[in-house]
Amino acid sequence: MKTSRTVLTALALAFCLTAGAQRNQIIKTGWNIGPLPAIAYDADKGFQFGAILQLYNYGDGSSYPNYKSKWYLESSFFTKGSQLYTIMYDNMDLFNGIRMSAAATASIDKAMDFYGFNGYESFYDYGRIAAGSSGESFLFSPFYKIARTQILSKIDFTGELAENLKWELGYHASYFKIGSINRESINKGKDESQFFPEDQPTLYDLYKKWGLIGEGEAEGGFVSALRFGLQYDTRDKEGAPTRGIWADAHMIVAPKFLGTKNPYNRYSLTWRQYFPLIDNNILTLAYRLNYQGIIGKNAPFYILPYQTFIGESSDKDGFGGYRTVRGILRDRVSGLDTFCYNAELRWRFVQFQLWRQNISFGLSVFSDGTMVTRGRKMNYAGPTGGDYLQEMMEHLSYRKQGADETIHATVGAGLRFIMNENFIVAFEYGTPFSHLNKNSSRYNQDGNGAFYINLGYLF
């Protein structure tokens, strides 16, 4: 009984602290600079080392907690071989009420994840990876890797059509360079018994051999695309909203005459909603629903994993991973049409002012999920000469290992440090439901969970 009273007293004290601090929140003005070392962890990329600089301009403070303009610069390196360079500028009112968001990102991945198409239809051999990591056989994880360099750039504009309704228009240019992994780099520093063999094909190599990835798309290419859409936004603030609706629908048109190597058209529909269960930012229920689809019968495989946006947010890489579905393997779910959901309960258990900054700490519990609703064709389309029958049998054996596609769902929790409603550091862990049922045919098909240290809210 005494323990119960102690817990209730602590909760009541936290409530008073949060409510009282919110009423006396400092209104930020002018420029606020946030340099910090980029020391983080992502289960998909490893430990991150580098530097981040965020500059927020709040002007006269009349729009706080929303900023007037923002710069974001990052240079990062990851222990699993990735490099990331980003520059982003966002101006809420560049001219005549029109918002401009521009960004350029270069990402170099020596071992980017590739698990095939259509979710569970593509078998993930977790058992063989686990055996390799214990020294019983060579490390198998390079089997699910590709080498990828990507350069993404964009300029987006958003303007008012009516109250809370906005138009969106943007131009996005991207370059993808894709190939098989560099075995010399992968094997560097390992004992010979742990080498990934020269004669062992990766899944990417097999997909090319079986014709599941066509010659014209296998090495990537240039994408030149126009984006246009509508946005409905009644959020109380952008960085950490607690009430309102944020919805958008947009089209991506990437025709050949604009320079796109493999033309395609795509659409995206997103609905987000925020409910203040307890006011003053204390307890918020938030959810996001997203559906993306290809218009036509096919699209280059390298653009499929991206969750696309117009405006301040940049495209998020991978249905699976920190920015889309926390807790499952990055890029685990890839298909022509894809559904995704996120639901989150956010509790700020303390808020206070320190050194003229508004500081909060928050806890959250969440469930994320995604699935392919229309997949790429997986029928054998490779050469018919030479070892045709053997390759057909390899392909058939691989297909038989897969399962019918269904929802890839996760559950997890997180802790956040929030400063001035915009600078947010997140610590989160998610695990797939498929990892919790050892008797399921999909056991560990999404991995066994992942921990992240990153910036911002997911949505």
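Just so it is clear, the model here is predicted, and its values are computed rather than measured.

J.: Help me get a handle on the overall build of the chain, residues and values and all.
T.: For the chain, the helix and strand inventory stands at six helices and 17 strands. The C-alpha radius of gyration computed for the chain amounts to 23 Å, which stays within 12% of the reference 23 Å derived for 459 residues, consistent with globular compactness. Expressed as lengths along the three principal axes of its C-alpha atoms, the size of the chain is roughly 75 × 65 × 40 Å. Within the chain, buried positions represent 53% of all 459 residues. In the chain, the share of contacts with a sequence separation of at least 24, taken over all contacts with a separation of at least 6, comes to 66%. Looking at the chain as shown, the accessible area adds up to about 20,500 Å², and 60% of this sits on carbon and sulfur atoms. One finds the centroid of the 47 positive side-chain charges in the chain at a distance of 4 Å from the centroid of its 44 negative side-chain charges.

J.: Lay out the nonpolar core with the relevant residues and their values.
T.: Among the nonpolar cores identified, the biggest contains 43 residues, and Phe114, Tyr207 and Ile303 are the most heavily contacted of them. Listing elements by their share of this core, those giving two or more residues are strand E6 (98–113), strand E7 (145–162), strand E8 (165–179), helix H4 (203–209), strand E9 (220–233) and strand E10 (244–254). With four residues, H4 is the single largest residue contributor to this core. Look past the residues within four positions of Phe114 in its chain and what remains in contact with it is Tyr144, Lys145, Ile146, Leu203, Tyr204, Tyr207, Ile213 and Phe301. One finds Ile52, Tyr72, Ala103 and Leu455 within the second-largest nonpolar core, a separate group that totals seven residues.

J.: Give a detailed account of the packing of aromatic side chains, specifying residues and quantitative values.
T.: According to the stated counting rule, one finds 33 aromatic pairs in the structure shown. For the cation-ring pair, Arg272 lies above Trp246, with the distance from its terminal atom to the ring centre recorded as 3.7 Å.

J.: Report on the pairing of strand E15 (residues 408–419), specifying residues and quantitative values.
T.: Taken together, the 12 bridges between strand E14 (residues 357–374) and E15 define a ladder with antiparallel strand orientation. Note on E15: the bridge partner recorded for Asp368 is Thr410. Pairing of E15 with strand E16 (residues 423–432), which is carried by 10 bridges, proceeds in the antiparallel orientation. For Gly414, the partnering residue across the bridge sits in E16 and is Glu428.

J.: Break down the side chain of Gln357 for me, with residues and values.
T.: As for its placement among the helices and strands, Gln357 is situated in strand E14. When its relative accessible area of 19% is taken as the criterion, Gln357 is described as buried. Within the structure, Gln357 has its side chain in polar contact with the side chain of Lys28 (distance 3.4 Å). Excluding residues that lie within four positions of it along the chain, Gln357 makes contacts with Ile26, Lys28, Asn32, Phe352, Met419 and Asn420.

J.: Can you break down helix H6 (residues 388–401) residue by residue, with the values?
T.: With 14 residues, H6 ought to run about 20 Å at 1.5 Å a step, and its terminal C-alpha atoms sit 20 Å apart, in line with that. Taken as a whole, H6 has its buried residues at Glu391, His395 and Tyr398. Down the axis of H6, the buried set is contained in an arc of 60°. They therefore lie on one face. Facing away from the buried surface of H6 by more than 90 degrees, the exposed residues are Leu389, Met393 and Lys400.

J.: Go over the environment of Asn290 with me, naming the residues and quoting the values.
T.: Mapped onto the elements of the fold, Asn290 is located in strand E12 (residues 283–295). In this structure Asn290 comes out as buried when scored by relative accessible area, which is 1%. The spacing of Asn290 and Asn57 is 233 residues in sequence and 31 Å in space, taken between C-alpha atoms. Engagement of the side chain of Asn290 in a polar contact is seen with the side chain of Ser268, the distance being 3.3 Å. Within the structure, Asn290 has its side chain in polar contact with the side chain of Thr270 (distance 2.8 Å).

J.: Residues and numbers for the side chain of Asp331, please.
T.: Among the secondary structure elements, Asp331 is positioned in the loop between E12 and strand E13 (337–354). As a buried residue without a salt bridge, Asp331 has its nearest oppositely charged side chain in Arg148, at a separation of 4.7 Å. With residues near it in sequence (within four places) discarded, Asp331 still touches Met112, Asp113, Tyr115, Pro305, Asp317, Gly318, Phe319 and Gly320.

J.: Describe in detail the pattern of salt bridges, supporting the description with residues and values.
T.: Proximity of charged atoms lets side chains of opposite charge pair with each other. In this structure the tally under the stated criterion is 24 salt bridges. Note that Glu344 is salt-bridged to Arg326, the shortest N-O span being 2.8 Å. With Glu344 in strand E13 and Arg326 in the loop between E12 and E13, this residue pair connects regions lying 18 residues apart in the sequence. Note on accessibility: Glu344 and Arg326 belong to one class, buried. Asp368 is the salt-bridge partner of Arg326, the closest N and O atoms lying 2.7 Å from each other. With a gap of 42 residues between them, Arg326 in the loop between E12 and E13 and Asp368 in strand E14 connect regions that are remote in the sequence. Residue classification places Arg326 among the buried positions, given a relative accessible area of 0%. Three or more residues are tied together by salt bridges with common partners; here these are Arg326, Glu344, Arg346, Asp368, Arg416 and Glu428.

The rules behind the values
- Each chain has its residues counted from 1, following the order in which its sequence is written.
- It should be noted that, the model being predicted, local features are given only for residues of pLDDT at least 70 and side-chain atom pairs only at 80 or more, the latter also being counted only at that level, while totals for whole chains, interfaces and linings use all residues.
- As a rule here, side-chain values come from all non-hydrogen atoms in the structure, and water together with hydrogens is ignored.
- Here a strand is any run of E in DSSP of at least two residues, a helix any run of H or I of at least four, and the numbering for each starts at the N terminus.
- Computation of the radius of gyration draws on C-alpha atoms alone. For the globule rule, the value is 2.2 Å times the number of residues to the power 0.38.
- Buried means the residue's accessible area, taken with a 1.4 Å probe over protein chains only, is under 20% of the maximum for its type, while exposed means over 50%, and partly exposed covers the values in between.
- Whether two residues touch is decided by their heavy atoms; if any such pair falls within 4.5 Å, the residues are in contact.
- In this description, accessible areas are obtained by the Shrake-Rupley approach with a 1.4 Å probe, and a residue is regarded as covered only by the protein chains that are shown.
- We score Asp and Glu as negative and Lys and Arg as positive, and we do not count His or the chain ends.
- Note on charges: their place is set at NZ of Lys, CZ of Arg, CG of Asp or CD of Glu.
- Joining through side-chain atoms within 4.5 Å is the link that ties buried Ala, Val, Leu, Ile, Met, Phe, Trp, Tyr and Cys residues into a set, and such a set is a nonpolar core.
- Aromatic contacts are taken between Phe, Tyr and Trp rings whose centres are within 6.5 Å, Trp giving its six-membered ring; a plane angle under 30 degrees counts as stacked, one over 60 as edge-to-face, and the others as tilted.
- Charge-over-ring placement is defined geometrically: NZ (Lys) or CZ (Arg) within 6 Å of the ring centre, and within 35 degrees of the ring normal.
- Two strands pair if DSSP finds at least two bridges between them.
- N or O atoms within 3.5 Å of each other form a polar contact, as long as, within protein, one can give a hydrogen and the other can take it, and as long as residues adjacent in sequence are counted only when both atoms are side-chain atoms.
- In a helix, the anticipated span is given by 1.5 Å times the number of residues less one.
- Think of the arc as the fan of directions from the helix axis to the C-beta atoms.
- Every case where a carboxyl oxygen of Asp or Glu lies within 4 Å of a side-chain nitrogen of Lys or Arg is listed as a salt bridge.

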